[in-house]
Every structure is written in structure tokens, then in C-alpha cells.
Amino acid sequence: MSEEPRIRSAAVIGAGVMGATISAHLANAGIPNLLLDIKPSKLTDEEKRAGLTLDDPPVANRLALAGLKGAMQAKPAAFYSMRFAKMVTVGNLEDDLPKLKEADWIIEAIIEDLPIKKSLFEKIAPHVAPHAILSTNTSGLSIAALAESVPEEIRPRFLVTHFFNPPRYLKLLELVASPYTEPGILEGMALFGRNKLGKGIVYGKDTANFVANRIGAYAMFHALHLMLEQNLSVAAVDKLTGKAIGRPKSATFRTADLVGLDTLIHVARNMHDNLPDDPERELFEPPQFVEAMIEKGWLGQKSGQGFYKKVVTDEGKSIRMIDPESLEYVEQSKVKFPSLEMAKNIEDVADRIKSLVLAKDGAGEFLWMNLSATLRYAGNAIPEVSDDIVNVDNALRWGFGWELGPFQVWDAIGVEKSCARMEKEGHLIPAIARDLLASGKTSFYERSEGKTSYFDTQSRAHVPEISDPKQIVLANRKEAGHVVLESPDAVLIDLGDEVVCLEFRTKMNTIGTGVIDMLHKSVDLVEKDWRGLVIGNNGENFCVGANLLMILNELDDDNWDDVDWIISRFQSANQRLRYSERPVVVAPHALTLGGGCELALGGDRVCAAAETYIGLVEVGAGVIPAGGGCKEFIRRIHESIPEGTQTDLFPLVRRVFETVGMARVATSGWEAKDLGFFAYHDRVVIHGDHVISEAKNMVLGMDLAGYAPGRPSEEIRVVGEPGFAALRAGLHNFAAAGQITEHDKVVGGKLASILCGGAISASSRVSEQYLLDLEREAFLSLLGEPKTLDRMEHILKTGKPLRN
């Protein structure tokens, strides 16, 4: 078995957008790294005025410094927290080459030009340590050709490590070996990429653009040409090729604008020039209007206009789309297709795609032609680009954000019937699909007892899919019969080793009475029969908060006592999570808002995905957190200050007030620690698929250490009336300056009262229950405000807070 390499330091050569953000992600993973770029040969006018020389560090490292600055200012953020930026050291390729000897891994991320890359490898080769791994981030150049420029002693440690942009957010890492790469190095880097960088690994072959870009670019260029054939608009194609078929909202042309038309055309030309035997080769020739756009410098987001352009007129701002015929930017017309409207009501993406490709309108015709062509292209690409369908599907899911890969889509629409339709239309069916049907099977994937098998091209039979040993898929556990307790809103699942996991099953995992009831029942069962509890799920988001519709319905029926009871019971559930006789670990990921955040604050420990976006956002709905979130912040402040010390608590309370009052949402698990949502002992896991497994391990570790539950505090120090008065004064000033509304002032006043302990003396001490009662009373009083109800209704309609 291959071993994961010990990589304690790294170097990235090339401080462009890609190189700098790779450097940032290495820092996110805790790997100090050196970011190098060329040394400038000329001074700028500003540098001349400052009296600098070419050898002064600000000049010599200008390009690397610019790259690091760009990564620090990137939107979305490239770093988990600014604390990680300190792990990047900048330099240049003249003065700092000797420092490469300290690196365990060196990544080349310069321009996609074969001669320039070869020249760089020749330059750095003498400085590569005998044990170090050298890799290229090329998106499609031949690794065999590049390997020829690397000394023989380094070739076994040389390979492609192709990150996708932005490296922090896109899970895919393509690995491609050269003819000289040691198999152990390839497998070791796969382990490292998965475990230390949080990546999904796809093995590609040394063909043009490898796996994801080969199939993904084909789908995009086919859609581009088909748009012109069918006389559709840019906006119409994006409506059809986005969320409707389980792809990112940016769809085809918004994605092209984000990537850059120049980059997209480079990818296409690389395939056109290096795939002489590809029957679809001519598809990669860009249409004339795209060539004209590039000549005009309309490259997308980087140039301010591409397929779309933001336009400011007397009537306001709008986003217009390119008209391919006139090359003018025109208003986006309303996209209307009957099948598309019907598909909005289909929740399951596989069922939605099937419905759309079978439709008899223009949407159905376009999607059938585009998807069926993409499926045939993907089928014919095996085994050329990869040996199996799993690698291809994962490449498109992880690199392009597709919910379903090509072969999963093929299963969704029906392999047998779709192949019959393609043959009727005169298309050749790929060998892999013919072999599948000849074997007597009708789907590329099969599931049985919680396990997945896939059709293998070599054996022409279904073989078990290799799973990640650190990933727990709850659906598999349920299929295998490990359900302990279930209700319509939640299910308790046996994870093995006497640990259970509570999974919500409401829409967007919102919290209502059913979920609250299962929280209580789960704690009851765990305290009696189990070693501990994990609260987590494999959904798109952990939990987006309370079920606002439920609350509004109760208010419509004038059931104020019921609302009071629901809040009280949710508070009680969170208290039970913290003080249960058995350890409880909450495992949040992605959106963890409002009540979801309070669950994380309530658990005794947190094991969070690095990509966790957590916050108490209730003020956006015109209320305050009432599930124990405010109480928990004040309790933590109290516990952070040793007894007997004279410490001013107010700055700490004010910081919490600003965090909650401004509805701040952490952009990562690490920033959640910075903001106080997670405690110092809570864990942040870089690989999102490993969170539930690591949470389970935390439960077991706490149990083995002899877990002893705490008790609710009765003596929490609060700042009292003086602090409350200071916060009210600030609110008054903001309102007077027009920076907040009168309703904001009311909500802020309620929040300030809770965080300060109400109108009591500064020397007072209060219990946790006292603070919980303040939360509940404030929440109920704000529900009586008409503006609050307006805000809640607006959120339900739009999914966004009302700005007033």
C-alpha cells in the first residue's frame, strides 16, 4: 500500500490568479509555502519616485506580492482566515531559487506554454531536493513532453496535479502520471490530496485537457453552436443549462464569462490542435462572433463584458446579453418554455432532467440534442481519457459543479430508450453503452444494500465502487438497515461503534416542532443505550434555521402560547445537547444559519467542515436569536475570564453585539472560530466528506476519556445597565444618522438587553435560564411588530432579507 508523503513545506512557482490561490489553499491546509514569480527588469514610475532599485524586495518580489495581495482580496475568499496568509512567503526566481531545496513539494503554475515550462524546469531542477515531489498544474499540456525537460533522477517524482479554479472551492484535483512517474508517488499524492487538501481525486490520462475540461468544454461548445442553429438567445441557453439540469446557476455563458473567453478558447484550440482523430474536432472551432468578441477584448468578467455586460442607464442598472448577429448588447427577454415551468415542480434532479429531455417543446429539443451529444462524447472518451466512468462522472461533478455526471445523467434518462432514440436519429452508439446493454443490464450504476457498483469496461460487468474509508454516507447506512428511530422530519441512524447520528429531513433542514421533538427523543435514547450522538447530514446545507412558515401560521391562528412553547422546547433541546450524560458532537457544513447555528453553539463539541458558513442572522427577519445563541455567547465570555480578575467585559459583549446585530456570517469554519461561533477545542475538517466520520471519532474519543457532563451555570457575570446604556446610545446615534431604521433600533435594543443581562447592576450574576427567558420574551415581543412580519414574509417569498 502506498504511503501519504510527508509534506511539511511547499513552493508554488507562478503568482498569477491560479498560482496565488493554490498557494492560499496550501496555507489553508496548514502547509507553509514559498510563492515565487519572475524578477522585474524595469522599475515602475512609482518605484522610481520612491528611490527603489531592482534589488529592493518590494521591487524584486513585486509580482509575487501582487499575487498574494490578490489572493487576500479575492471574492469569494481564497483564505479560510487572514491568519493563514502569514504562512505564505513571497520571493522571485533569481534571488530565492536556493530556498526551493527546503520544499517537499514544488508546484509549477505558470503560463500554458510548453517551451516556457520546459525552460523553467531546467532552471529549477538543480534546486529540487532529492526527496521532493515536482508537479505541474497544466490544464492540458502533455506530461510526457514536459517530463523530457526534467532530469532523469526527478522524473519518477514528476506528475500533473491539476487544480480547478478557485482551488479552495472546487473539489477536483486531477492527477496524471508521465511514463516515468512512480506508481507509489501517484497514489501517495492521491492520499495527500484527499486527506490534507480536502480534494476529490480523479485519475486522468495524458490526453489533451485530461478529463473534466475535455468533456465539460465539449458540452459548452456544443451548446454554443446549437444556440446558433436553433436561433436561441444567450440567456435562454443559460436558463436551460443551469439549475434546471442540476448544473451551477452560471450555466454555460455566465461560466464562460467567469473563466474568461480567452481561457476557454485556449482550451478549445488545444483540443482542436491535439486531437486530429477526434470526429468532433471541428466543434472546437469558435464561431465567428466569438472570435470577434475576443478581438474587441470582450473577454468576460476580467474585461467588464463578455457574453453579458452590466449597463447603467437613466432607468437604473441592468445586465444585458450579447446578440451574436449584431454584436450589440440587448435586453434579456423573458425565457418561457412550458416544460421548463413544469420542471420547477420536480425536486429530484434525475427526474427533472428526464422530464425535460422528453419534452416536445423547444427546451426539450435543445436539451435532448445537447445532452445526448455530450453523453455520446463522454462514452467514446473511455478508455481514452480515463479507464472508468466513475472518474469521468466525478470530474464533471467536482470540477464543473454538475450534480450528476454524464453516465449518471444517462441512467436518469434511461440508457436503453435513449440509445434507441439516438440510433433512430442516425447516431453511432458508443461501445461502452452497447456493451452495457449486451450484458443484459440497462444502467451504468446499480445499488444494493447501501453499496454502489458501476459498469466496468474491461470486465464488461458491474464491479463495486471503491469508497473513501473516511466518508460516511448516511443514505447507505439507511439502505443497509441501520435506522434506529425515524419521523417525517428526522431520522436517527446507527453509525457503528455504538454511536448514532441524527439527520434532519425537512426542506433545507429547517427546524420545526418535528425536528425539536426528535432532538429530545434522540438524547433520551442516547443517554440510555448509546456511547454518544452526532448531529449532521450529507445534504447541501446543514440547517438554514427555523421554519418561518410554521411560526407565521401559528401567529395567523393567534397561537401565541404555542409559539412560546416551541421556543422554550427548542431552548431546552439545545441545553440538553450541551449537558447530556453522553457526548454530543454537532457536525455543521455549508449554510448553518439561525437555529442551525444555535444547534452548533449548543452541542458539547463541534466538528465542522472548513466550508461552513455560520451565523446568527435572525435580525434580518426582524427578531433576535432565541434558541440559546445569545445566552451561549455570554456564557463563553464568562468562562473565558478567570474568577477574581478585574476585567472589563464590555468590549467582549460589544463584539458579540456587532456580530449578531450585523448578522455576520463566517466565510469558513476557521473564521467561525475567529468570530466566536466555534470554541478553541472544536475541530475544523478540510474534507467535507469526512466530517461525520471525524465527528463520530470525536464522540468515541470523549467517551474513552471518561466523559463527564457539565452543569448549567448559575453565576454568569453580566455588564448590566451601564453596558446596556452604552449600546442603546450607539443605536440612537446610528438611527439619527439614518444608518439604521427605527425598527432596526427596536431589534437592536432587544438584543442589547439580552447580551447585557437586562436592566440590572453591573455587579450582578445571572443564571443560564435567566438569559434564556430574556431571549424568549424579546423574541415574542418582536413578533408583535408589523415590520417583523413584513420581513419574515419577504424572506419566505424571496429567500433574502428585506432591506428597509
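Everything below is about the structure shown above.
Residues numbered from 1 in each chain as written. Predicted model: local features only at pLDDT ≥ 70, side-chain atom pairs only at ≥ 80, totals over all residues. Heavy atoms only, no water.

Draft legend 1. Region of interest: the overall build of the protein. Within the protein, the regular secondary structure consists of 32 helices and 25 strands. A principal-axis box enclosing the C-alpha atoms of the protein has dimensions of 80 × 70 × 65 Å. Out of the 804 residues belonging to the protein, those deemed buried represent 56%. Long-range contacts, defined as pairs at least 24 residues apart, comprise 69% of the intrachain contacts of the protein with a sequence gap of at least 6. When the accessible area of the protein is evaluated, it comes to approximately 35,200 Å², of which 52% is carbon and sulfur surface. One finds the centroid of the 88 positive side-chain charges in the protein at a distance of 2 Å from the centroid of its 110 negative side-chain charges. (Helix = DSSP H or I, 4+ residues; strand = E, 2+ residues; numbered from the N terminus. Buried < 20%, exposed > 50% of the residue type's maximum accessible area, 1.4 Å probe, protein only. Contact = heavy atoms within 4.5 Å. Areas by Shrake-Rupley, 256 points an atom, 1.4 Å probe, with all protein chains shown as cover. Lys, Arg positive; Asp, Glu negative; His and termini not counted. Charge placed at Lys NZ, Arg CZ, Asp CG, Glu CD.)

Draft legend 2. Spatial organisation of the packing of helix α16 (residues 389–400) against helix α17 (residues 406–413). Running from amino to carboxyl end, α16 crosses α17 at an angle of 100°, the nearest separation of the two axes being 7 Å. By the angle class used here, α16 and α17 are roughly perpendicular. The residues of α17 that touch α16, namely those facing I389, V392, D393, L396 and R397, are P406, F407 and Q408. For the contact of α16 with α17, a count of residues per class yields five nonpolar, one polar and two charged. (Axes fitted to C-alpha atoms, helices over the stretch in contact; angles between N-to-C directions. Parallel < 35°, antiparallel > 145°, perpendicular 65-115°, else oblique. Nonpolar A, V, L, I, M, F, W, Y, C, P; charged D, E, K, R; others polar.)

Draft legend 3. Quick look at the packing of aromatic side chains. Considering all chains together, one arrives at 17 aromatic pairs under this definition. Here the aromatic rings of F84 and W670 are separated by 5.4 Å at their centres, their planes lie at 80°, and the arrangement is edge-to-face. Of this pair, F84 sits in the loop between α4 (62–72) and β3 (88–92) while W670 is found in helix α27 (residues 669–675), placing the two residues 586 residues apart along the sequence. Through pairs of rings, three or more aromatic residues link up here, namely Y218, F221, F284 and Y377. One cation-aromatic arrangement involves R247 over W402; the distance from NZ or CZ to the ring centre is 3.7 Å. (Phe/Tyr/Trp six-rings, centres within 6.5 Å; stacked < 30°, edge-to-face > 60°. Lys NZ or Arg CZ within 6 Å of the ring centre and 35° of its normal.)

Draft legend 4. The arrangement of the sheet that holds strand β7 (residues 172–177) in detail. If you trace the eight strands from one edge of the open sheet to the other, you get β3-β2-β1-β4-β5-β6-β7-β8, paired in mixed fashion. Lying at the two open borders of the sheet, with one neighbouring strand each, are β3 and β8 (200–203). Adjacent strand axes in the sheet meet at a mean angle of 25°, parallel and antiparallel pairs treated alike. Alignment of strand β5 (residues 133–136) against strand β6 (residues 158–163), held across three bridges, turns out to be parallel. When the sheet's bridge partners are listed, L134 is paired in β6 with F158. Of the strands in this sheet, β1 (10–13), β2 (33–37), β3, β4 (105–108) and β6 are in contact with helix α1 (residues 17–28), which crosses β2 at around 170°. (Pairing = 2+ DSSP bridges.)

Draft legend 5. How the structure looks around the sheet that holds strand β15 (residues 483–486). The seven strands are arranged β15-β16-β17-β18-β19-β21-β23 in an open sheet whose pairing can be described as mixed. Edge strands, defined here as strands with exactly one partner in the open sheet, are β15 and β23 (683–685). Within the sheet, the average angular offset between the axes of one strand and its neighbour, ignoring direction, is 20°. In terms of strand pairing, strand β16 (residues 490–496) meets strand β17 (residues 499–504) through six bridges, oriented antiparallel. Bridging from a neighbouring strand, D494 pairs with V500 of β17. Where helix α28 (residues 691–704) meets the sheet, its contacts fall on β16, β17, β18 (532–535), β19 (584–586), β21 (605–609) and β23, and the angle it forms with β21 comes to roughly 160°.

Draft legend 6. Inspection of the pairing of β1 at higher detail. The alternating pattern of β1 places A10 and V12 on one face and A11 and I13 on the opposite face, and all of these are buried. Pairing of β1 with β4, which is carried by four bridges, proceeds in the parallel orientation. Residue pairing for β4: I13 is matched across the bridge by E108. As defined by bridge partners, β1 adjoins β2 across four bridges and the pair is classed as parallel. Residue pairing for β2: A11 is matched across the bridge by L34.

Draft legend 7. Molecular detail of a negative patch on the surface. Taken together, the side chains of D556, D557, D558, D790 and E793 present a region of like negative charge at the surface. Tracing the backbone shows D556 in helix α22 (residues 548–556). Judged by its relative accessible area of 64%, D556 is exposed. (Patch = residues over 30% accessible without salt bridge, like charges linked within 9 Å, V, L, I, M, F, W, Y side chains within 5 Å. Salt bridge = Lys/Arg side-chain N within 4 Å of Asp/Glu carboxyl O.)

Draft legend 8. Up close: the side chain of R214. Tracing the chain through its elements places R214 in helix α8 (residues 212–229). With a relative accessible area of 2%, R214 lands in the buried category. With residues near it in sequence (within four places) discarded, R214 still touches T207, A208, N209, M271, L275, D278, Y377, E384 and V385.

Draft legend 9. Representation of helix α24 (residues 595–602) within the structure. Counted residue by residue, α24 has eight buried out of eight residues, so it is predominantly covered. Of the residues making up α24, those classed as buried are G595, G596, C597, E598, L599, A600, L601 and G602.

Draft legend 10. Region of the structure containing the pattern of salt bridges. Overall, the coordinates contain 48 salt bridges when judged by the stated rule. Two residues, D435 and R460, come together in a salt bridge whose shortest N-O distance is 3.6 Å. One end of the pair, D435, is in helix α19 (residues 431–438); the other, R460, is in the loop between β13 (451–456) and β14 (461–464), and 25 residues separate them in sequence. Each of the salt bridges in this network shares a partner with another, and the network as a whole consists of R578, D604, R605, K631, E632, R635, R636, E639 and E768.

Draft legend 11. The arrangement of a positive patch on the surface in detail. Judged by side-chain charge, K239, K243, K249, R254, K334, K336 and K800 come together as a positively charged surface patch. Residue position: K249 is located in the loop between α9 (234–240) and α10 (253–259).

Draft legend 12. Local environment of the environment of W398. Locating W398 in the fold gives a position in helix α16. Residue W398 is classed as buried on the basis of its relative accessible area of 15%. Placed 197 residues apart in sequence, W398 and I201 show a C-alpha to C-alpha distance of 9.2 Å.

Draft legend 13. Quick look at the environment of D703. Along the chain, the position of D703 falls in helix α28. A relative accessible area of 21% means that D703 is categorised as partly exposed. Separated by 172 residues in sequence, D703 and R531 have C-alpha atoms that sit 6.6 Å apart. Excluding anything up to four places from it in sequence, D703 contacts R531, R582 and P583.

Draft legend 14. Seen up close, the nonpolar core. Counting residues in hydrophobic clusters, the biggest one holds 91 residues, and the most contacted among them are F307, F407, W410 and F444. When near neighbours in sequence (up to four residues on either side) are disregarded, F307 contacts V234, F253, A256, D257, L261, F289, V290, M293, R320, M321, I322 and Y329. Core analysis: the second largest hydrophobic core is formed by 80 residues, L502, L599, F724 and L751 among them. (Core = buried A, V, L, I, M, F, W, Y, C linked by side-chain atoms within 4.5 Å.)

Draft legend 15. The arrangement of unusual backbone geometry in detail. Residue N165 is joined to P166 through a cis peptide bond whose omega torsion reads 0°. Within the fold, P166 resides in the loop between β6 and β7. Cis geometry is adopted by the peptide bond preceding P383, which originates at I382 and carries an omega value of 10°. Positionally, P383 belongs in the loop between α15 (362–380) and α16. Positive phi outside glycine occurs at D558, with the angle close to 60°.

Draft legend 16. Representation of the state of the cysteines in the model. The tally for this structure, following the rule as stated, stands at zero disulfides. Between C501, a cysteine without a disulfide, and C607, which holds the nearest cysteine sulfur, the sulfur-to-sulfur distance is 11 Å. On the basis of relative accessible area, C501 is assigned to the buried category, the value being 0%. Cysteine C630 shares no disulfide, and the gap to the nearest cysteine sulfur, in C597, comes to 10 Å. (Disulfide = S-S within 2.5 Å.)

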